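# Tertiary structure, described
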Amino acid sequence: MNAVDLLIEDHERLKDILTRLTESTERAVKTRTELLQKLEMEVTIHTQLEEQVLYPAFKEAGGKDELKMYHEAKEEHRAVDSLVLPDLKKTDPGSVEFSGRIKVCKELLEHHIEEEESEMFADVRELFDAARLEELGKQMAELRNRLKKDFASRQAA
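Looking at an unreviewed UniProt entry, the protein carries the name Hemerythrin, with the source organism given as Stutzerimonas balearica DSM 6083.

Here's what the structure looks like:
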C-alpha cells in the first residue's frame, strides 16, 4: 500500500473513533474509556509514522512551502500529543468536561487531517513517484507493526 493511502486509512479510523466518542454520553464511561485508549494508540502510532517516515522525506524533497507545511503539521501533532490528549486522559470520562474536551480534540484532529489530505498529500503525490510512495508505505507498515506490539505489551504489563 502506498504511503498516502495508508495514512488516509489511518485518518478514517481516527475520525470513526472521534465520532463515536463525541456521540457518546456521560453515562457511557466504559465505552469512553476504551475508545480513549484506542484513540491514544492510533494517534500515537499515526504521529510516529508521519514524523519518522513521511515528514522527513517530504521536507527533504520539497521547497520553502513544504518546509512551512512540515513545521505546521509537527506543531499540530505536538498540540494534540502534549496538551490535548494528556488533559483528556486526566478528565473523568463521565463528566460534561470530558464531552467538551473530546469535541475540541475532534475539531483539532479533523482540521489537521483536512489540511494534510488537501494540501500536503497533494504535494507528496507530485514530489514522489509510485515506487517511492510504495517504499514509504512499506516502511510505515513495518513501523506500525512494531509500535502496535509495543503498545500491546505495555497494556498487558
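## Observations regarding the nonpolar core
General note: in soluble globular proteins, nonpolar side chains tend to be found buried as a group. Membership of the largest hydrophobic core comes to 25 residues, with the highest contact counts inside it found for Leu7, Leu49, Leu54, Met120, Val124, Leu136 and Met140. Breaking this core down by element, the ones donating at least two residues are helix H1 (3–23), helix H2 (29–61), helix H3 (64–90), helix H4 (96–127) and helix H5 (130–156). Tallying contributions element by element places H2 first for this core, with eight residues. Residues contacting Leu54, with those up to four places away along its chain left out, are Leu7, Leu49, Phe121, Val124, Leu136 and Met140. In terms of nonpolar packing, the next biggest core, distinct from the first, is built from 16 residues, Leu18, Leu35, Leu36 and Val43 among them.

## Observations concerning the UniProt feature "domain: Hemerythrin-like" (unreviewed entry) in the protein
Under the UniProt annotation, "domain: Hemerythrin-like" (unreviewed entry) lies at residues 3–122. Structurally, residues 3–122 comprises 90% helix and 0% strand, and the distance from its first C-alpha atom to its last is 12 Å.

## Examining the pattern of salt bridges
Taken as a whole, this structure holds 15 salt bridges when the rule is applied. Between Asp10 and Arg13 there is a salt bridge, and its shortest N-O distance comes to 2.4 Å. Note that Asp10 and Arg13 are positioned in helix H1 at a spacing of three residues, about one turn of the helix. Assessed through its relative accessible area of 2%, Asp10 is described here as buried. Ionic pairing is found between Asp10 and Arg144, a salt bridge with its closest N-O pair at 2.2 Å. Of this pair, Asp10 sits in helix H1 while Arg144 sits in helix H5, and the two are 134 residues apart along the sequence. Of the two residues, Asp10 and Arg144, neither departs from the other in class, the shared state being buried.

Here is what the cut-offs are and how they apply
Residues numbered from 1 in each chain as written. Predicted model: local features only at pLDDT ≥ 70, side-chain atom pairs only at ≥ 80, totals over all residues. Heavy atoms only, no water. Core = buried A, V, L, I, M, F, W, Y, C linked by side-chain atoms within 4.5 Å. Buried < 20%, exposed > 50% of the residue type's maximum accessible area, 1.4 Å probe, protein only. Helix = DSSP H or I, 4+ residues; strand = E, 2+ residues; numbered from the N terminus. Contact = heavy atoms within 4.5 Å. UniProt positions renumbered as here; feature names shortened; annotations may be inferred. Salt bridge = Lys/Arg side-chain N within 4 Å of Asp/Glu carboxyl O.

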